[in-house]
Amino acid sequence: SILCGIKSLPALIAGRLLIGLAMSLLGLNLPAYFREIPPPNLRGAIGGFHQLQFGIGTTVAFTLSLGLPEPTEANRDNDYWRLMFWFTALLAVIQLIGYFTVFRFDTPKSLWQHGKHEEAERVLKKLQTDDEVQVSLNSLRIVEKEVSKLGFKDLKLKENYHPVLIGFGVILAMNFGGISSIFMYSTDLFASVDSEGSNKDQVMATFLYVGITNLLACIMGFILGAKIRRRVMFMLGFGGCTLAGFTISLADTIDASWMVKVGVLIFIIAFEVGGGSLMWTYCAEIMEPEFLVGPRLCHWVTLFINGLIIIMMFNSLGISTTFLIFAIVNIIAAWFTIRLLPETRGLTSEQIKDLFKPAREPVAKADIV
């Protein structure tokens, strides 16, 4: 609501800070729900659905922006842009109503720790079969016996710090792989290869190539998240982003605008079908919720860094060299996936935890549907 009626720069900054704080708090809680409520065979699809909502939001934002008058010298002081924030405020009110009515429940682990065992069982039954509920309840009983609440002192254990380090690696690989350059500066990227188009044409190109493609790719990621192994999806994503980076780099070198557009399409599809739909699901699977604050902070810091340096890379190094660097980063990320990422699809939380223990017995995989 602050952004809907701002009259000064400090108010704009305050509104943006509040949005950032809200997104951070949501980001810390959502992975816990991904980890605890769905059965193992549905976790990938749930994570993909979360990313799909971002795709829908991006497409809606582009659509709304296309309906607003283009800024000119004559109407530069108009308030049409406030409509975007009014729409966001309306959605926030709807979400609040849903939270206090339909979705008023905590995570099963939190409920169990507070002695609300029957309520924890009811929450689990929303997505799990009776047999799966019993497996989840047994896991909660084991966790309750082992430790009531984890803290930073517990990071000295390999079973805790190892997955956290992998989580940091996944976030760094995803965010420094170049996707931010597509979502933040796609209009500038298209303008560099189509200088004859007007600003309105560039916005339309951004909508068509980024908004719609991103939405369709998110749908693909949602469908494949429940069918393909985690490591395979990460490899598809990093491999596709590598191909896209080389394509855009070569296209800028030989001045082939159509190749830039193809490269952007490949980049978006590879990201959303690969790690984009799995990033937070995978982090939630391998680490305890108490330790997710580190990778989440890393996520926001790297996005902030991207916002500062990508435009400087474009201006100083050029598009060709910049995307060549992104391609190399994705090759390193693919190596990281092959060497260090364990497979988690179809495993229960206890089985995944056993993967990181120094000495363990072989773990029998759960049935993969």
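Every value quoted in this text rests on a predicted model; they were computed, and no experiment measured them.

What counts and how
Residues numbered from 1 in each chain as written. Predicted model: local features only at pLDDT ≥ 70, side-chain atom pairs only at ≥ 80, totals over all residues. Heavy atoms only, no water. Helix = DSSP H or I, 4+ residues; strand = E, 2+ residues; numbered from the N terminus. Buried < 20%, exposed > 50% of the residue type's maximum accessible area, 1.4 Å probe, protein only. Contact = heavy atoms within 4.5 Å. Polar contact = N/O pair within 3.5 Å; in protein donor to acceptor, adjacent residues only side chain to side chain. Patch = residues over 30% accessible without salt bridge, like charges linked within 9 Å, V, L, I, M, F, W, Y side chains within 5 Å. Areas by Shrake-Rupley, 256 points an atom, 1.4 Å probe, with all protein chains shown as cover. Salt bridge = Lys/Arg side-chain N within 4 Å of Asp/Glu carboxyl O. Axes fitted to C-alpha atoms, helices over the stretch in contact; angles between N-to-C directions. Parallel < 35°, antiparallel > 145°, perpendicular 65-115°, else oblique. Left-handed = near helix turned anticlockwise from the far one by under 90°. Nonpolar A, V, L, I, M, F, W, Y, C, P; charged D, E, K, R; others polar.

A. Fine view of the environment of T302. With respect to the helices and strands, the residue T302 is situated in helix α13 (residues 293-340). For T302, a relative accessible area of 3% translates into the label buried. The spatial distance from the C-alpha of T302 to the C-alpha of F176 is 7.5 Å, given a sequence separation of 126 residues. Not counting the four nearest positions on each side in its chain, T302 is found in contact with I171, L172, N175 and F176. Within polar-contact distance, the side chain of T302 engages the backbone oxygen of H299 at 2.8 Å.

B. Region of the structure containing a nonpolar patch on the surface. On the surface, I56, V60, L64, F87, L90, L91 and I94 cluster together to form a nonpolar patch covering roughly 550 Å² of accessible area. Among the elements that line the nonpolar patch, the one with the most residues is helix α3 (residues 82-101), at 4 residues. Its location among the elements puts V60 in helix α2 (residues 43-66). Under the relative-accessibility criterion, V60 is labelled partly exposed at 31%.

C. Quick look at the packing of helix α10 (residues 230-254) against helix α11 (residues 257-273). Across the interface, α10 lies against α11 with an axial gap of 8 Å and an inter-helix angle of 165 degrees. The angle between α10 and α11 places the two elements in the roughly antiparallel class. Both α10 and α11 take part in a crossing whose hand is left-handed. A class-by-class count of the residues in the contact of α10 with α11 yields 17 nonpolar, 5 polar and 1 charged.

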